[in-house]
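Working through the structure, step by step
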Amino acid sequence: MCRFLVLAVTTAPSNRPETTLRTLLLVFLFVALNTAQQSTADEGPTVPENVAPHSPPAQPLPFSHKAHVATGLECQTCHTNPEPGSLMTFPPTEMCISCHVGTATDKTTIMNLQAYAESGQKIPWVRVYAITPGVTWSHKAHLVAGARCETCHGDISRIEAVSETTAILAMATCISCHETREAKTECVTCHAWPTDEFLGIK
Ligand code: HEC
Ligand code: HEC
Ligand code: HEC
Ligand code: HEC
Ligand code: HEC
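Residues numbered from 1 in each chain as written. Chains lettered and ligands numbered in written order. Predicted model: local features only at pLDDT ≥ 70, side-chain atom pairs only at ≥ 80, totals over all residues.

**Some thoughts on the overall build of the chain**
On a plain count of helices and strands, the chain comes out with eleven helices and zero strands. Going from the N terminus to the C terminus, the chain shows its helices and strands as α-α-α-α-α-α-α-α-α-α-α. Across the 202 residues that make up the chain, the buried fraction comes to 5%. Put simply, of all contacts in the chain between residues at least 6 apart along the chain, 70% involve residues at least 24 apart. (Helix = DSSP H or I, 4+ residues; strand = E, 2+ residues; numbered from the N terminus. Buried ≥ 20, exposed ≤ 12 C-beta atoms within 10 Å, placed from the backbone. Contact = placed C-beta atoms within 7 Å.)

The structure is reproduced here in structure tokens:
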């Protein structure tokens, strides 16, 4: 808390009201978070629902997680976590075709899928959860620590079109869980700056 305020003071240029407002909002969030943390202790979900509106983006194909997970496919059959481990990636089109060569081939949606496969182009999926550039992130660290997909993304197996239903991209969410699970919370865990030297702590 203390460190955060130090930064808030040093990074808020008085001639840029929008930056100051943003910093104040962040400080407010941080205070609210600390208060919530004290009252809820270790109970309850660590990743809250997204309170902001979150309609699913228009996708190039109407891909349904509900229909596909119901066929028995595992999340990680389609979403692999290659080194260095930050990304979960999207499945190659050939993977889709392995089933759709014989399934529902008379439908326009499947014809479009086959057109992507034949052209050799990647399907241009529109991203739903994209972390703010510059923030240090790794799926691998979390999967190794035992975090489940549902904890951060909600119950994807029950929804047709994925939208940003959880507040996983907010800094308060990251820090709240890190505090509960006793993971690191120093700024440098997730930000290349500011270092403890910069803040004059070490
Ligand atoms: C601790 C929280 C957390 C857990 C657990 C988690 N994710 Fe994510 N996921 C995120 C965040 C944050 C992003 C945004 C990352 C980015 O922009 O690179 C993301 C992005 C994604 C993406 C978009 C592509 C990418 O890699 O950026 C996919 C797909 C995905 N997650 C699938 C999964 C699956 C499948 C699991 C379980 C095996 C899982 N996630 C577990 C937080 C999590
Ligand atoms: C395990 C086999 C399997 C794999 C792999 C698979 N699908 Fe499917 N897919 C199905 C089945 C079965 C249905 C029909 C489900 C239903 O109608 O309830 C379906 C339905 C669809 C539909 C809807 C068709 C329509 O208009 O009704 C689309 C689009 C689709 N899949 C795209 C994909 C994409 C994209 C991938 C790869 C990311 C993929 N599928 C991978 C089995 C598969
Ligand atoms: C048949 C392959 C397939 C399976 C199985 C599958 N997914 Fe996906 N997933 C996709 C495709 C294709 C997309 C991109 C289209 C979309 O956003 O719906 C996607 C998108 C996502 C996203 C949004 C990524 C982003 O930020 O843009 C998340 C999160 C995700 N999947 C998690 C899961 C989880 C959790 C499971 C298991 C419950 C799962 N997926 C099972 C194919 C699959
Ligand atoms: C569900 C709880 C949870 C959430 C939500 C979560 N984390 Fe974590 N995070 C952990 C745990 C547990 C570890 C592993 C700690 C360990 O291995 O000592 C970890 C580790 C990390 C690490 C690696 C730290 C190291 O040891 O070098 C980074 C970076 C990180 N998290 C960033 C984030 C970011 C950014 C977010 C928000 C987008 C986030 N985390 C959300 C629980 C969580
Ligand atoms: C566990 C990961 C994590 C830790 C620890 C963390 N942050 Fe963040 N921080 C984030 C994420 C994720 C965002 C992006 C939030 C968003 O876009 O809404 C962010 C955004 C910010 C921003 C806004 C940047 C911008 O361009 O909008 C500032 C300022 C910031 N953090 C400062 C700090 C300070 C100071 C500390 C140490 C007290 C800290 N953070 C610790 C994850 C973390």
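**Side note on the site of ligand 1**
Around ligand 1 sit 21 residues, and of these M88, I131, A147, C149 and C152 come closest. Within the residue set of the shell around ligand 1, elements represented by two or more residues are α4 (75–78), α7 (139–144) and α8 (149–153). Among the elements that make up the shell around ligand 1, the one with the highest residue count is α8 (four residues). Taken together, the residues that form the shell around ligand 1 break down as 13 nonpolar, eight polar and no charged. (Near = placed C-beta within 6 Å. Nonpolar A, V, L, I, M, F, W, Y, C, P; charged D, E, K, R; others polar.)

**A look at the site of ligand 4**
A145, C174, C177, R181 and A183 are the nearest of the 24 residues found near ligand 4. Element by element, the count of residues in the shell around ligand 4 is highest for helix α9 (residues 171–180), at four residues. For the shell around ligand 4, the residue count by class is 14 nonpolar, eight polar and two charged.

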